[in-house]
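A closer look at the structure
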Amino acid sequence: MKYQGVFFDFDYTLGDSTPAIAEGYRLGFAALGLDPPTLDQVRHTIGLTLADGYSLITGDYDPERQAAFFHTFQHTVGVKADGPGRALMIEGTTLFPGAVELLRALRDGGARTAIVSTKPGDTIRRIFAHQGRLDLLDLVVGGDEVRRSKPHPEGLSLALEKLGLRPEQVLFCGDTVIDAATAQAGGCDFCAVLNGTTKAPAFERFPCVHIAEDLPGLQSWLSL
């Protein structure tokens, strides 16, 4: 394999937190007196910041209402929660088929692995720790650990710096055009993984070295 590091987005790339995210949206909308969004509407927000996801569904860009939604989400299923909703986020998140095998193959092959996500870093680390898989990651950079969200490359650049790698040594893998734009801005090769709601044609305007149908397909392409 030509890469010394393979970095990943999390939601809909390596894992699926849809049940918890949908519950957070339901409760956040209820607190604002709004009808609950459909599951399909929520699925199309995954990968965005919570504020952007709220606005995508509602068309409401009022910062105070965005902040109110964010507050409810975080206190019911997010980093400020400590009840069943938080357990749903940590214990109810599943890794996609092939995720563990791919990460293990990368580790065994000497490649560095990192997650660069809009999801809070502690949440991702707790998900992997709950499944006994945290040892498969060298680094997690969450959206709460940088000042600027993807597609700004701050998180990607931070991961490169912490792992001592140059952009040309790393492949970044993600399921959205936001991830593709992040890789492009950060100078890394990009591989699309079609585990989410974004279809292959959407990536045509970005420089992709590969489009994988799933994680086993990505592992095969990497010859691992």
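The sections below set out a description of the structure shown in this document. None of these values were measured; they are calculated from a predicted model.

1. Structural notes on the side chain of Thr13
Mapped onto the elements of the fold, Thr13 is located in the loop between strand S1 (5–8) and strand S2 (15–16). What makes Thr13 buried here is its relative accessible area of 0%. When sequence neighbours within four positions are dropped, the list of residues in contact with Thr13 reads Phe8, Phe96, Cys173, Gly174, Asp175, Asp179, Val193, Asn195 and Leu215.

2. A closer look at the sheet that holds strand S5 (residues 139–141)
Strand order in the open sheet made by the six strands is S5-S4-S1-S6-S7-S8, with parallel pairing throughout. The strands lining the two open edges of the sheet, one partner per strand, are S5 and strand S8 (210–212). Adjacent strand axes in the sheet meet at a mean angle of 20 degrees, parallel and antiparallel pairs treated alike. This element, helix H6 (residues 99–108), spans S1 and strand S4 (112–116) of the sheet and lies at about 155 degrees to S1. In this fold helix H8 (residues 154–163) packs onto S1, S4, S5 and strand S6 (170–174), with an angle of close to 155 degrees to the strand it touches most, S4.

3. Points about empty space enclosed by the protein
Counted under the stated rule, the structure contains one cavity of 30 Å³ or more. Considered as a void within the structure, the largest cavity measures approximately 60 Å³ in volume. Every residue along the wall of the largest cavity is listed here: Val116, Ser117, Thr118, Val141, Gly142, Gly143, Val146, Arg148, Ser149, Lys150, His152 and Gly155. A per-class count over the lining of the largest cavity returns three nonpolar, seven polar and two charged.

4. With respect to helix H3 (residues 50–58)
Buried residues of H3: Leu50, Gly53, Tyr54, Ser55 and Ile57, and no others. Phi for Gly59, located one or two positions after H3, is positive at around 75 degrees.

5. What to know about the packing of aromatic side chains
The final tally for this structure, using the stated rule, is nine aromatic pairs. Ring geometry for Phe10 versus Phe128: centroids 6.0 Å apart, planes at 65 degrees, classification edge-to-face. Residue Phe10 is located in the loop between S1 and S2, and its partner Phe128 is located in helix H7 (residues 121–130); the two are separated by 118 residues in the primary sequence. Its relative accessible area of 0% is what places Phe10 among the buried residues. Taken together, the aromatic side chains of Tyr25, Phe29, Tyr54, Phe69 and Phe73 make up a single cluster linked through ring pairs.

6. Notes on the pattern of salt bridges
Across all of its chains, the model carries 13 salt bridges by this definition. Linking Asp11 and Lys119 is a salt bridge whose minimum nitrogen-to-oxygen distance equals 3.1 Å. Here Asp11 is found in the loop between S1 and S2, whereas its partner Lys119 is found in the loop between S4 and H7, with 108 residues between them in sequence. For the residue pair Asp11 and Lys119, the accessibility class agrees, reading buried in each case.

7. Quick word on the pairing of S4
Within S4, four of the five residues are buried, which leaves the element mostly enclosed by the surrounding structure. Examined bridge by bridge, S1 and S4 share four bridges and lie parallel to one another. Among the inter-strand pairings, Gly5 is bridged to a residue of S4, identified as Arg112. Strand direction decides the pairing type here: S4 and S5, joined by three bridges, are parallel. Opposite Ala114, over in S5, you have Leu139 as the bridge partner. Running through H7, the crossover from S4 to the neighbouring parallel element S5 is right-handed.

8. Quick word on helix H1 (residues 18–31)
One full turn of an α-helix is made of 3.6 residues, so residues set three or four places apart face in the same direction. Taking 1.5 Å per residue as the helical rise, H1 with its 14 residues ought to reach 20 Å, and the 20 Å between its terminal C-alpha atoms agrees with that figure. Where H1 is concerned, the buried positions are Thr18, Ala20, Ile21, Ala22, Gly24, Tyr25, Gly28 and Phe29. In this fold, the buried residues of H1 make contact with S2, helix H2 (39–43), H3, helix H4 (63–76) and helix H5 (84–91). Among the residues trailing H1, Gly33 stands out with phi positive, at a value near 75 degrees.

Procedures and definitions
- Residues numbered from 1 in each chain as written.
- Predicted model: local features only at pLDDT ≥ 70, side-chain atom pairs only at ≥ 80, totals over all residues.
- Heavy atoms only, no water.
- Helix = DSSP H or I, 4+ residues; strand = E, 2+ residues; numbered from the N terminus.
- Buried < 20%, exposed > 50% of the residue type's maximum accessible area, 1.4 Å probe, protein only.
- Contact = heavy atoms within 4.5 Å.
- Pairing = 2+ DSSP bridges.
- Axes fitted to C-alpha atoms, helices over the stretch in contact; angles between N-to-C directions.
- 1 Å grid on protein atoms, 1.4 Å probe; cavity = no way out; pocket = protein on both sides within 12 Å on 5 of 7 lines; lining within 4 Å.
- Points joined across faces, edges and corners; volume = space filled by probe spheres on them.
- Nonpolar A, V, L, I, M, F, W, Y, C, P; charged D, E, K, R; others polar.
- Phe/Tyr/Trp six-rings, centres within 6.5 Å; stacked < 30°, edge-to-face > 60°.
- Salt bridge = Lys/Arg side-chain N within 4 Å of Asp/Glu carboxyl O.
- Right-handed = clockwise from strand over helix to strand, strands pointing away.
- Expected span 1.5 Å × (residues − 1).

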